[in-house]
Amino acid sequence: MQMESRKIPVDIVDSEGFRLDVCAGLRQRQRSIPPKYFYDAQGSALFEQICETAEYYLTRTETAILDEHSAEMMGLIGQPCAFVEFGCGSAAKTPLLLRHLDSSSVCVLIDICKPQLEQTEARLAAQFPNIKILAVCADYTQLQALPLPVSCDLRPVIFFPGSTIGNYTPEEAQHLLRKAAKLIGPNGSMLIGVDCKKDPAVLNAAYNDKTGLTKAFNLNLLARMERELGAEIEPDGLINNAFYNPVPGRVEMHLVSRFDQVIHLSGEEFWIGEGESIQTENSYKYRPDEFQDLARSAGWDTAMVWTDADKYFSIHLLQVSRIIIDRPQLGLRRKMRKLSEYVEMAASEYLQETGKAELNAHWIAEFFQDNGVQDDYPRQDLIAFCALVQKALTIKFERARKQTLLQLDKAIRPISKTR
Ligand code: AVJ
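Residues numbered from 1 in each chain as written. Predicted model: local features only at pLDDT ≥ 70, side-chain atom pairs only at ≥ 80, totals over all residues.

1. Focus on the overall build of the protein chain
Across its full length, the protein chain holds 13 helices and 14 strands. In terms of C-alpha radius of gyration, the protein chain reaches 23 Å, essentially the compact-globule figure of 22 Å for 419 residues. The dimensions of the protein chain, computed from C-alpha atoms along their principal axes, are 70 × 60 × 45 Å. Contacts in the protein chain between residues at least 24 apart in sequence constitute 74% of all its contacts with a sequence separation of at least 6. (Helix = DSSP H or I, 4+ residues; strand = E, 2+ residues; numbered from the N terminus. Rg over C-alpha atoms; globule rule 2.2 N^0.38 Å. Contact = placed C-beta atoms within 7 Å.)

Next comes the structure, spelled out in structure tokens:
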């Protein structure tokens, strides 16, 4: 079917954001670029193809859960409602829910990628002529209010599928979920898809598909920087690397430099040493109970959780229990922390990054400078700081090791019994 292309009336994506975020990201110690910038027209198309690969079980599994339980889900949510989807992409799964929506409901699609949003809106409007469908081109993390029709007094529900929440660190996810509770109000609910912890081999395969689509998806970010920002990057200078990191419980995607090189961007020179990387994505995995705890800490109660037989993926129905207002970050002013907070920060960051029990002097010296410990505590000497961090690190490392042993023990005992 030929899709007519419509104009999206509301477009609030900040076009300078990409340049600013890339430059700021390349200045960090662990260079990083927010994963939302994957999704230009090419990146969005590549992501759709990733979803079809044999290894990427997420989309298939979530779709099956939705297909089986959508009637129950919409029944619990209640009708009519204002159905708001965060980061809808092609909204391939959305019809499974919309088919249960009555005609006085409205559906608002929010996505950062305009060409894809135009297509998606046209497709859903044709498929569901009785439901009012609106499209808003925006970064849902930047919303100041829910983009609903002015007179709309329908009960709002946020649909946030695909485990997009995994792109945020648990701390960022908590902020985002608190913000979502504030946006949607005391009456609101949220249906959210969350990828689960599982055998690392399954996770590693899902982010290293044989067809090379995930690799192309990662490298497209560099192409986009060249296309849109005029960045100058050595051809074939960076390679894709994706792996599950079990300490923080996330898949990481990196672009690793094959040699010492400089990226030219906006009149700045960004040096990258051989083997150093730009991190392009985190994809956190949560056991259902872990996610439930995170949601609770953000003011959401869990009404129901659905999973597949393998417990690969979960869909949570959350209800606002209290609205927690996070103190807004004050401009660019860096927060002054207690020395003990810096020690904790350094120890956990180090463990997450390296997994090692022995502190590296170079690393800690950089941390000391980059995080402004030096500025906050000008009389603090580096060697003493290093000793404090090493002590905290030893404790953390021991704890993580015991945890792993305990889990292993739990997993092995039922097996050995049967012998
Ligand atoms: C769309 C963020 C859920 O983390 O699995 C797919 C993006 N990255 N392959 C994910 C992605 C690499 C995806 N999310």
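We are not done yet, so read on.
2. Details of the pairing of strand β10 (residues 261-265)
Within a regular strand, the side chains alternate between the two sheet faces. Alignment of β10 against strand β11 (residues 268-272), held across 5 bridges, turns out to be antiparallel. Paired with Val262 across the bridge in β11 is Trp271. The turn linking β10 back onto β11 is made up of 2 residues, and Ser266 within it adopts a positive phi angle of 50°. (Pairing = 2+ DSSP bridges.)

3. What about the site of the ligand?
Around the ligand, the neighbouring residues are Ile50, Leu58, Gly162, Ser163, Thr164, Gly166, Asn167, Tyr207, Thr214, Phe217, Glu281 and Ser283. Looking at the shell around the ligand, the elements that each hand over two or more residues are α8 (213-229) and β12 (277-284). (Near = placed C-beta within 6 Å.)

4. Quick word on the packing of helix α1 (residues 17-27) against α8
Interhelical geometry of α1 versus α8 gives an angle of 125° and a closest axis separation of 11 Å. When the axes of α1 and α8 are compared, the pair comes out oblique. Considering how the two elements wind past one another, α1 and α8 form a crossing that is left-handed. Touching Phe18, Arg19 and Val22 of α1 are Met225, Glu228 and Leu229, all from α8. (Axes fitted to C-alpha atoms, helices over the stretch in contact; angles between N-to-C directions. Parallel < 35°, antiparallel > 145°, perpendicular 65-115°, else oblique. Left-handed = near helix turned anticlockwise from the far one by under 90°.)

5. Let's talk about α8
Working note: α-helix, 3.6 residues per turn, so residues spaced by three or four point in the same direction. With 17 residues, α8 should reach 24 Å at 1.5 Å per residue; the first-to-last C-alpha distance of 23 Å fits that figure. The principal kink in α8, of about 25°, is found at Leu219. Within the sequence span of α8, burial applies to Thr214, Phe217, Asn218, Asn220, Leu221, Leu222, Arg224 and Met225. On its buried face, α8 sits against α1, α2 (41-50), β8 (238-245), β9 (250-257) and β12. Downstream of α8 by one or two residues, Gly230 has phi in the positive range, about 65°. (Expected span 1.5 Å × (residues − 1). Bend = angle between axes of the 7 residues up to and from the residue. Buried ≥ 20, exposed ≤ 12 C-beta atoms within 10 Å, placed from the backbone.)

6. With respect to the nonpolar core
Within the largest apolar cluster, 85 residues are counted, with the highest numbers of intra-cluster contacts made by Leu109, Ile110, Ile158 and Met190. Ignoring sequence-local partners within four residues, the contact set of Met190 consists of Val157, Ile158, Phe160, Ala180, Trp300 and Leu318. (Core = buried A, V, L, I, M, F, W, Y, C linked by C-beta atoms within 7 Å.)

7. Details of the packing of helix α6 (residues 170-184) against helix α9 (residues 288-297)
Packed helices, taken two at a time, are described by their axes: the angle between them and the distance between them. Running from amino to carboxyl end, α6 crosses α9 at an angle of 50°, the nearest separation of the two axes being 8 Å. Considering their axes alone, α6 and α9 lie oblique with respect to each other. The two elements α6 and α9 meet at a crossing, and its hand is right-handed. Of the residues in α9, those touching α6 at Pro170, Ala173, Gln174 and Leu177 are Leu294, Ala295 and Ser297. Across the contact of α6 with α9, the residue classes break down as 5 nonpolar, 2 polar and no charged. (Nonpolar A, V, L, I, M, F, W, Y, C, P; charged D, E, K, R; others polar.)

8. So, the domain arrangement of the protein chain
Partitioning the protein chain into structural domains gives domain 1 (6-199 + 285-320) and domain 2 (339-418). A C-alpha centroid distance of 34 Å is found between domain 1 and domain 2. (Domains from an automatic or database assignment.)

9. Things to note about the environment of Asp289
Secondary-structure assignment places Asp289 in helix α9. Given 10 C-beta atoms within 10 Å, Asp289 falls into the exposed group. Sequence separation between Asp289 and Glu269 is 20 residues, and the spatial gap between their C-alpha atoms is 45 Å.

10. What to know about unusual backbone geometry
Residue Pro80 follows Gln79 across a cis peptide bond; omega there is -15°. Of note, Pro80 is situated in the loop between α3 (57-77) and β3 (81-86). Positive phi, normally seen in glycine, also occurs at Ser163, with a value near 60°. Counting through the fold element by element, Ser163 comes out in the loop between β6 (155-160) and α6. Since 22 C-beta atoms lie within 10 Å of it, Ser163 is described here as buried. If you check the backbone angles, Asp236 has positive phi at about 55° while not being a glycine. Tracing the backbone through its elements, the reader meets Asp236 in the loop between α8 and β8.

11. Focus on the pairing of β9
With 6 of 8 residues buried, β9 is to be regarded as a mostly interior element. Relative to β9, β8 runs antiparallel, the two sharing 8 bridges. The partner of Asn241 across the bridge, within β9, is His254. The loop that links β8 with its antiparallel partner β9 comprises 4 residues; one of these, Gly249, has a positive phi angle of about 75°. Judged from the 7 bridges that link them, β9 and β12 form a sheet pairing that is antiparallel. Opposite Met253, over in β12, you have Glu281 as the bridge partner.

12. Thoughts on the sheet that holds β12
Taking strand neighbours across the sheet as the criterion, the 4 strands line up as β2-β12-β9-β8 in an open arrangement whose pairing is mixed. For this open sheet the edge positions go to β2 (31-32) and β8, each flanked by a neighbour on one side alone. Of the pairings in the sheet, the one linking β2 to β12 comprises 2 bridges and is parallel in character. Bridging across to β12, Arg31 finds its partner in Ile278.

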